Amino acid sequence: MPDPAAAAPGWALHPDRALPADPVTRPVARQILEATAHLPIVSMHGHVDAGVLARDEAFGDPASLLVVPDHYLVRMLVSQGVPHDALGVPRRDGGAVESDPREIWRTFAAHWHLFRGTPTRFWLEHVLVEVLGVTERLSAATADAAYDTVAERLREPGFRPLALLDRFGIEIIATTDPASADLADHADLATRGWGERVVPTFRPDAVLHVDRPGWADDVALLGERAGVPVGSYRDFLRALETRRWAFVEAGARATDHGHLLADTTPMSETDASAVFASALRGDVDPAAARAFSAHMLFEMARMSTQDGLVMQLHPGALRDHDPHVMASRGHDVGYDIPVATEYVHALRPLLTAFGHHPGLRLVVFTLDEDTFSRELAPLAGVYPALRLGAPWWFLDSPDGMRRFREAVTDTAGFANTTGFVDDTRAFLSIPARHDLSRRIDAGFLARLVVEHRLDLDEALETAVDLAYGLPRRAYARHEPDGTPHPS
Amino acid sequence: MPDPAAAAPGWALHPDRALPADPVTRPVARQILEATAHLPIVSMHGHVDAGVLARDEAFGDPASLLVVPDHYLVRMLVSQGVPHDALGVPRRDGGAVESDPREIWRTFAAHWHLFRGTPTRFWLEHVLVEVLGVTERLSAATADAAYDTVAERLREPGFRPLALLDRFGIEIIATTDPASADLADHADLATRGWGERVVPTFRPDAVLHVDRPGWADDVALLGERAGVPVGSYRDFLRALETRRWAFVEAGARATDHGHLLADTTPMSETDASAVFASALRGDVDPAAARAFSAHMLFEMARMSTQDGLVMQLHPGALRDHDPHVMASRGHDVGYDIPVATEYVHALRPLLTAFGHHPGLRLVVFTLDEDTFSRELAPLAGVYPALRLGAPWWFLDSPDGMRRFREAVTDTAGFANTTGFVDDTRAFLSIPARHDLSRRIDAGFLARLVVEHRLDLDEALETAVDLAYGLPRRAYARHEPDGTPHPS
Amino acid sequence: MPDPAAAAPGWALHPDRALPADPVTRPVARQILEATAHLPIVSMHGHVDAGVLARDEAFGDPASLLVVPDHYLVRMLVSQGVPHDALGVPRRDGGAVESDPREIWRTFAAHWHLFRGTPTRFWLEHVLVEVLGVTERLSAATADAAYDTVAERLREPGFRPLALLDRFGIEIIATTDPASADLADHADLATRGWGERVVPTFRPDAVLHVDRPGWADDVALLGERAGVPVGSYRDFLRALETRRWAFVEAGARATDHGHLLADTTPMSETDASAVFASALRGDVDPAAARAFSAHMLFEMARMSTQDGLVMQLHPGALRDHDPHVMASRGHDVGYDIPVATEYVHALRPLLTAFGHHPGLRLVVFTLDEDTFSRELAPLAGVYPALRLGAPWWFLDSPDGMRRFREAVTDTAGFANTTGFVDDTRAFLSIPARHDLSRRIDAGFLARLVVEHRLDLDEALETAVDLAYGLPRRAYARHEPDGTPHPS
């Protein structure tokens with residue numbers, strides 16, 4: 001029996017962490033993990049800022065790198081009564097918040113116990129111990145020493161962003177960029193030889209929801225970037241197509257769409273034109289705005305059949321649940337909450353039109369695990385265009401990822417999933433997330449092996465595919481006839 | 001530790017397959033499995049064609065027996081880009097599709113890896129290895145040898161349908177027959193002494209949904225078979241009652257109802273008559289059609305209290321999700337997709353009227369596992385007329401069946417479930433499905449034993465009941481006072 | 001390997017019951033359980049009658065203590081065809097039902113096998129073996145001997161209610177009392193020194209649903225008890241506030257709210273006044289009644305920010321599913337059925353207004369486990385006022401409690417849950433329920449330890465917190481500034 005307290009004196013990662021503990025399954029899981037542990041990282045959906053990579057400067061202090069921007073972390077502290085101010089989360093009115101990074105770090109460290117049993121704990125332990133060399137478990141008592149270790153490490157040249165791509169074994173990383181992005185950072189990186197490793201992702205949410213504050217300005221900027229002044233719905237489509245091709249030329253593999261609903265019902269061109277014209281005049285009906293968003297998902301799929309960009313859809317987050325917090329702190333501070341999400345009727349128009357089109361690849365993510373076995377696996381298990389993204393946002397935990405495989409594999413198999421997709425803005429945690437995913441898949445596959453539902457050679461091959469082959473293939477841009485674009 | 005790769009050289013089924021692997025639980029699971037492994041098979045809900053049994057001819061080639069009609073199998077290959085044509089799935093326009101069974105088999109064999117982790121893999125492995133004697137794992141390289149082995153075996157007299165009933169230890173098998181079936185095959189089988197082992201099931205879906213294409217013709221045929229010309233709603237009820245009794249006389253135990261919704265709200269006789277009359281005139285309102293379907297479920301329950309047929313209800317599949325595929329290939333080619341299904345309000349009218357009636361037995365299946373613990377177990381755990389069918393269609397996998405027991409037993413116990421019900425049109429896989437179910441139940445019960453939540457003698461008794469006693473009792477036709485009809 | 005049949009000769013509780021069986025995890029689980037097994041019981045939500053404690057008389061016969069009032073037990077027997085009459089469940093018309101407690105007990109004992117795999121089995125085994133000293137497994141054959149043992153035990157002075165508080169190690173127990181309760185029993189208990197151990201809970205359901213039969217009478221009684229004649233909505237609020245303070249003075253820690261929906265949308269005072277006035281005149285519109293109930297939840301939260309009572313909400317039970325049973329037997333006989341419950345939109349008004357208020361503590365329970373990971377954990381993981389209650393009613397089973405921790409911990413951690421809350425009217429089963437919860441938490445924490453996701457010292461500390469610290473803190477009344485009220 002392992003001695004579970006053995007790790008306590010120092011702070012170290014156990015080589016068997018997150019593997020099933022029973023003595024029959026663990027050695028098989030370990031063997032499977034060995035086959036994937038050193039594979040390169042394919043990180044096709046993330047929110048690391050392209051500018052950070054292009055500028056390639058040393059990261060700032062420990063708190064502004066690891067605490068303030070991590071909304072998983074912030075929301076947990078807030079839930080236990082730590083005010084946003086104490087964590088240095090900026091106010092939109094510019095009011096004072098804690099600005100001493102060491103103080104913010106101490107607050108975080110003193111609440112380390114809150115993360116017990118959470119994936120944040122797993123990731124941060126990896127970041128602090130494995131990446132940054134912290135040697136004592138975090139607590140109020142060890143906060144300052146850990147802070148100093150981290151701060152010192154972040155000043156080393158080997159910890160600059162591009163050096164970390166090498167250190168982490170990241171073969172390719174995708175950023176997320178608005179439809180109107182100038183892509184200057186990507187151009188800059190390409191000039192310096194990083195064009196194959198850092199690629200943009202086309203995210204047009206800002207211009208697809210006509211009821212968003214600032215929509216008209218975003219549309220104007222889109223037109224400007226596209227060189228297509230947008231006075232009509234037709235112009236709008238043309239500007240979007242132009243920009244999509246600009247992203248393709250900058251190396252993009254995919255588009256990314258965050259909608260409240262998965263609805264993909266198309267409108268007639270007449271109706272779409274009318275809603276668009278009306279919105280340009282500042283006259284927006286909420287129902288029409290919703291219908292237009294759904295219609296534009298349909299249009300995005302149609303455009304994907306032409307330019308071959310993989311289409312990523314992740315519906316089901318009610319953004320900014322607390323309007324007071326939204327007013328004082330803005331978006332992305334931990335108040336996006338999942339809601340029940342329907343896929344079978346919602347995706348039907350898109351799948352009926354393009355679900356067998358060889359040029360379309362649609363990757364669907366969910367925050368509603370109740371749809372794994374009922375809706376998503378049955379759909380992905382029949383429509384060739386559809387793949388299931390990794391369990392995601394609130395579900396990217398050891399048990400969430402295990403439940404995903406248990407619920408989805410029966411009907412979708414492994415090949416109709418994308419393998420692991422990390423989805424993080426926390427750059428330093430990318431290896432931790434891939435490591436965890438490989439461990440959970442190793443444990444799941446090991447269980448199939450020891451239950452004699454799969455042979456070991458099959459499990460090994462599948463593990464490698466989940467970690468590396470599937471994400472590479474799932475995110476290959478396609479020709480309209482389905483030929484993967486060479487990259 | 002077992003050597004999981006040991007099976008690879010030949011192709012064999014491991015005696016411990018699908019049992020929990022931990023060294024404490026497995027021996028107990030093995031002991032429980034021993035108590036059920038050789039029990040006869042009770043197969044009360046299936047889609048094997050009565051004509052196949054009555055004609056008792058050799059099955060055709062391997063592809064048309066095992067590949068083309070298996071929509072679990074076809075849908076997985078389609079999802080990975082194999083066209084329906086290549087699998088020989090017929091076109092409704094008679095257009096050419098692959099017709100060489102060996103070619104179809106090769107396509108299937110080359111994609112064997114897609115089924116990793118799926119129940120199809122588990123069932124087919126059993127069929128190929130245990131039933132048909134294939135000795136090398138399926139792949140492109142072994143496709144032809146496997147084809148020849150299977151083809152040869154299928155020509156042996158011992159592999160004709162009725163001989164297989166004996167070989168498989170099938171004590172009784174129910175077919176599914178439309179309300180207007182002439183039941184000639186069953187009469188023929190009865191003459192030859194098979195009447196107790198092969199029984200029909202009354203499935204009136206075609207005439208209960210007034211908006212189905214061809215409804216009026218089906219109603220006319222129903223009337224003809226019943227000897228009751230149907231000109232009114234009253235005639236319709238009388239024709240249904242007459243046919244139900246004809247099924248009873250032919251040995252039927254049960255009715256079977258596939259509806260989109262579980263709604264059982266009755267209409268007044270006046271309203272029902274009006275909808276019916278209007279539909280006969282070809283004038284159908286969708287909402288009225290839905291209401292009439294719900295009403296007819298209520299009527300079916302009422303009739304069951306009189307003739308004692310067990311009523312099976314399985315709502316929640318959106319049929320033919322892709323209308324293009326439906327137009328070109330017809331129904332049942334893998335495009336039926338589960339939707340969220342509500343039971344608590346939907347079944348309330350039926351249960352309020354007949355839920356304590358000693359003559360009714362209602363068996364409910366679901367494709368929506370989210371309702372296991374929330375709705376179905378609480379309902380079945382109080383209404384004496386209600387039993388939960390086995391996890392079913394997309395849920396009849398090792399993990400699906402385990403989740404069913406884990407979610408349902410707390411509140412419904414074992415006795416309010418029917419035990420295993422296989423629901424397949426793949427005749428050769430019937431033993432595999434019962435074998436898998438017995439293994440999962442053995443594993444679940446073993447866990448209760450080793451967690452000291454159940455004594456071993458209780459587990460053994462329960463396992464036998466789940467495999468044999470419960471399905472026999474659940475599908476016994478009842479007198480109106482609740483006395484099981486002797487069979 | 002344990003010999004699972006070893007317990008059969010006598011009837012004894014295995015020390016490792018409900019712990020994970022694998023040989024790596026079990027010893028760690030045992031070690032964690034040792035840290036909590038002897039902690040006092042904090043029972044903050046229950047339905048034990050204060051009068052039973054105040055009178056402190058010997059309990060009646062075994063059947064009227066353990067069988068007739070236990071709706072978990074009654075519903076299972078009814079589901080398998082045992083009539084309510086045979087179980088002595090009273091008829092509202094006073095008609096004859098079985099009145100011989102020994103006969104009722106025999107019926108129960110003969111059906112003991114129905115409870116296999118259910119939490120009722122686990123609890124009753126604990127009650128019969130551990131608390132009451134029964135030595136042979138229950139069955140038709142052992143029914144009389146068990147009856148005699150139990151009956152004799154119940155006559156002993158050490159088995160009177162207040163003595164059992166000591167025997168069970170119950171540090172504090174909360175009763176549930178209508179808003180109009182005179183609290184005389186609590187006053188009596190306080191006089192005798194039990195005021196700190198037996199506290200009331202304010203449950204105003206009867207007066208918050210204006211469409212309940214008898215609502216006006218209940219409102220009149222509320223006004224009478226409050227000394228505030230209720231002629232208007234304003235009076236109504238004042239009467240409620242007055243009564244809440246009376247409960248506070250009697251030691252109450254919490255309020256308790258059972259609503260069909262979780263909706264907390266407030267109305268304007270004008271609208272609320274109009275609905276109230278209309279209802280007083282006997283004119284009630286169902287939609288207005290629902291809106292008023294939702295509004296009153298908002299008001300209850302507002303009042304909690306003033307008087308510091310912890311607010312408990314448990315929506316999602318459709319009461320009295322069968323109206324015939326309701327008419328003949330009344331409420332609470334096993335026909336309350338869970339329905340799908342929405343929290344994200346429903347709680348938004350309350351959380352937006354008071355979710356960051358230091359004086360509010362809102363504890364939410366659910367009967368819909370599909371919301372654990374999707375809605376409840378994300379909400380509790382960010383709003384400081386919100387805590388998740390224990391898995392509850394249909395979910396308080398070994399597997400239900402395990403699924404709760406697995407689904408909730410990722411996003412809410414441990415600290416945003418209340419620890420265990422037993423919710424029972426079966427007084428003798430309180431220790432069994434806490435024992436089971438501690439075992440399941442020990443098993444869950446042990447898995448985290450052996451998977452190296454948590455250190456053992458952290459697991460031990462967390463286990464103690466879940467069993468004792470969290471419920472004490474979660475149910476501490478707060479000052480409006482958030483200071484816990486000393487108790």
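Residues numbered from 1 in each chain as written. Chains lettered and ligands numbered in written order. Predicted model: local features only at pLDDT ≥ 70, side-chain atom pairs only at ≥ 80, totals over all residues. Heavy atoms only, no water.

## Observations concerning the relation of the copies chain C and chain B
Right, so step 1: Overlay of chain C on chain B (RMSD 0.0 Å): rotation 120°, translation along the axis 0.0 Å. Within this description, the copies of the chain are treated as partners about a three-fold rotation axis.
Right, so step 2: When the interface residues of chain C are mapped onto chain B, a mere 5% of them again lie at the interface, so each copy presents a different face. (Least-squares fit on C-alpha atoms with pLDDT ≥ 70 in both. Contact = heavy atoms within 4.5 Å.)

## Section: the interface of chain C and chain A
Right, so step 1: On the side of chain A, 55 residues touch chain C, which itself brings 49 residues to the contact.
Right, so step 2: Between chain C and chain A, roughly 4,300 Å² of surface is buried when both sides are summed, and carbon and sulfur atoms account for 53% of that area.
Right, so step 3: On inspection of chain C and its partner chain A, the count reaches 11 salt bridges.
Right, so step 4: As a salt-bridge pair, D368(A) and R374(C) come within 3.0 Å of each other at their nearest N and O atoms.
Right, so step 5: Run the count over chain C and chain A and you get 28 residue pairs in polar contact (both at pLDDT 80 or more).
Right, so step 6: Looking at the side of chain C that touches chain A, the elements that each hand over two or more residues are α1 (25–36), α16 (348–354), α17 (372–380), α18 (398–412), α19 (430–450) and α20 (456–474) of chain C.
Right, so step 7: The residue makeup of the side of chain C that touches chain A, split by class, is 22 nonpolar, 12 polar and 15 charged. (Buried area = accessible area lost by both parts, 1.4 Å probe. Salt bridge = Lys/Arg side-chain N within 4 Å of Asp/Glu carboxyl O. Polar contact = N/O pair within 3.5 Å; in protein donor to acceptor, adjacent residues only side chain to side chain. Helix = DSSP H or I, 4+ residues; strand = E, 2+ residues; numbered from the N terminus. Nonpolar A, V, L, I, M, F, W, Y, C, P; charged D, E, K, R; others polar.)

## Describing the pairing of strand β2 (residues 170–174) of chain B
Residues and elements named next belong to chain B.
Right, so step 1: Summarising burial for β2: four of the five residues are buried, a large majority.
Right, so step 2: By the bridge criterion, two bridges tie β2 to strand β4 (residues 198–199) in an arrangement that is parallel. Bridge pairing in β4 places I173 opposite V198. (Buried < 20%, exposed > 50% of the residue type's maximum accessible area, 1.4 Å probe, protein only. Pairing = 2+ DSSP bridges.)

## A look at the sheet that holds strand β2 (residues 170–174) of chain A
All names here are of chain A.
Right, so step 1: Strand order in the open sheet formed by three strands is β1-β2-β4, with parallel pairing between adjacent strands. Across the chains shown, the open sheet's two edge strands, defined by having one partner strand only, are β1 (41–43) and β4 (198–199).
Right, so step 2: Here helix α19 (residues 430–450) sits on the sheet and contacts β1 and β2; the angle it forms with β1, its principal contact strand, is near 110°. (Axes fitted to C-alpha atoms, helices over the stretch in contact; angles between N-to-C directions.)

## Focus: the interface of chain C and chain B
Right, so step 1: Between chain C and chain B, the contact holds 55 residues from the first and 49 residues from the second.
Right, so step 2: Regarding the contact of chain C and chain B, the summed buried area is about 4,300 Å², with carbon and sulfur atoms giving 53% of it.
Right, so step 3: Taken together, the links from chain C to chain B amount to 11 salt bridges.
Right, so step 4: The residue R137(C) makes a salt bridge to E458(B) at a minimum N-O spacing of 3.9 Å.
Right, so step 5: At the junction of chain C with chain B, the criterion picks out 29 residue pairs in polar contact (both at pLDDT 80 or more).
Right, so step 6: For the side of chain C that touches chain B, the elements supplying multiple residues, two or more each, are α4 (71–79), α6 (119–131), α15 (323–329), β9 (337–338) and α18 of chain C.
Right, so step 7: Broken down by element, the side of chain C that touches chain B gets its largest block of residues, five residues, from α18(C).

## Focus: the packing of aromatic side chains
Right, so step 1: A complete count under the given rule lists 72 aromatic pairs over all chains for this structure.
Right, so step 2: With a centroid separation of 6.2 Å and an interplanar angle of 40°, the aromatic rings of F276(B) and F292(B) are classed as tilted. In this pair, F276(B) sits in helix α13 (residues 269–280) while F292(B) sits in helix α14 (residues 286–307), placing the two residues 16 residues apart along the sequence. Both residues of the pair, F276(B) and F292(B), belong to the buried class.
Right, so step 3: Three or more aromatic residues link up through ring pairs in this structure, and these residues are W11(A), W105(A), F108(A), W112(A), F115(A) and Y147(A). (Phe/Tyr/Trp six-rings, centres within 6.5 Å; stacked < 30°, edge-to-face > 60°.)

## Here's the deal with the domain arrangement of chain A
Residues and elements named next belong to chain A.
Right, so step 1: Domain boundaries assigned for chain A yield domain 1 (58–159) and domain 2 (169–474).
Right, so step 2: In this assembly, 23 residues from domain 1 lie in contact with 27 residues from domain 2.
Right, so step 3: On the domain 1 side of the contact with domain 2, H71, R92 and W123 bury the most area, a combined 30% of that side's loss.
Right, so step 4: For the interface between domain 1 and domain 2, the tally reads one salt bridge. (Domains from an automatic or database assignment.)

## Topic: the packing of helix α12 (residues 233–249) of chain A against helix α14 (residues 286–307) of chain A
The description of two packed helices rests on the angle between their axes and on the distance between the axes.
All names here are of chain A.
Right, so step 1: Between α12 and α14, the least distance of the axes is 11 Å, while the angle of their chain directions is 45°. Taken together, the axis directions place α12 and α14 in an arrangement best described as oblique. Between α12 and α14 lies a crossing of right-handed hand. Across the interface between the two elements, Y233, F236, L237, L240, E241, R244, W245 and V248 from α12 touch F292, H295, M296, E299, M300, R302, M303, S304, Q306 and D307 from α14.
Right, so step 2: Looking at side-chain class alone, the contact of α12 with α14 contains 10 nonpolar, three polar and five charged residues. (Parallel < 35°, antiparallel > 145°, perpendicular 65-115°, else oblique. Left-handed = near helix turned anticlockwise from the far one by under 90°.)

## Considerations on the relation of the copies chain C and chain A
These two copies of the chain differ by a rotation about an axis and a displacement along the same axis.
Right, so step 1: Between chain C and chain A, the superposition needs a rotation of 120° and an axial shift of 0.0 Å, giving an RMSD of 0.0 Å.
Right, so step 2: Interface residue correspondence from chain C to chain A reaches only 6%, placing this contact among heterologous pairings that use different surfaces.

## Quick notes on α18(C)
Right, so step 1: With 15 residues, α18(C) extends 20 Å from end C-alpha to end C-alpha; this agrees with the ideal 21 Å at 1.5 Å per step.
Right, so step 2: Looking one or two residues beyond α18(C), the residue adopting positive phi is G413(C), at roughly 65°. (Expected span 1.5 Å × (residues − 1).)

## Here we look at the sheet that holds β4(B)
Right, so step 1: If you walk across this open sheet you meet the three strands as β1-β2-β4 (chain B), and the pairing is parallel. The two strands at the open ends of the sheet, each matched to only one other strand, are β1 (41–43) and β4 of chain B.

## Let's talk about helix α4 (residues 71–79) of chain A
Residue and element names in this part refer to chain A.
Right, so step 1: Within α4, nine of the nine residues are buried, which leaves it mostly tucked inside the rest of the structure.
Right, so step 2: Looking only at α4, the buried set comprises H71, Y72, L73, V74, R75, M76, L77, V78 and S79.
Right, so step 3: Where α4 begins, one side-chain oxygen reaches toward the backbone nitrogen of Y72, 3.1 Å away; that side chain belongs to D70.
Right, so step 4: G81 sits one or two positions beyond α4 and adopts a positive phi of about 95°.

## Details of the environment of A143(A)
Right, so step 1: One can find A143(A) in helix α7 (residues 143–155).
Right, so step 2: In this structure A143(A) touches W105(A), R106(A) and A109(A), once residues within four positions along its chain are discounted.

## A closer look at unusual backbone geometry
Right, so step 1: Not every positive phi belongs to a glycine, and F394(A) is a case in point at roughly 75°.
Right, so step 2: Within the fold, F394(A) resides in the loop between β11 (386–388) and α18 (398–412).
Right, so step 3: Among the residues examined, F394(A) registers a relative accessible area of 6% and is labelled buried.
Right, so step 4: Positioned with a positive phi, W393(B) is a non-glycine residue whose angle comes to about 45°.
Right, so step 5: Examined against the element boundaries, W393(B) turns out to sit in the loop between β11 (386–388) and α18 (398–412).
Right, so step 6: W393(B) gets classed as buried once you look at its relative accessible area, which sits at 9%.

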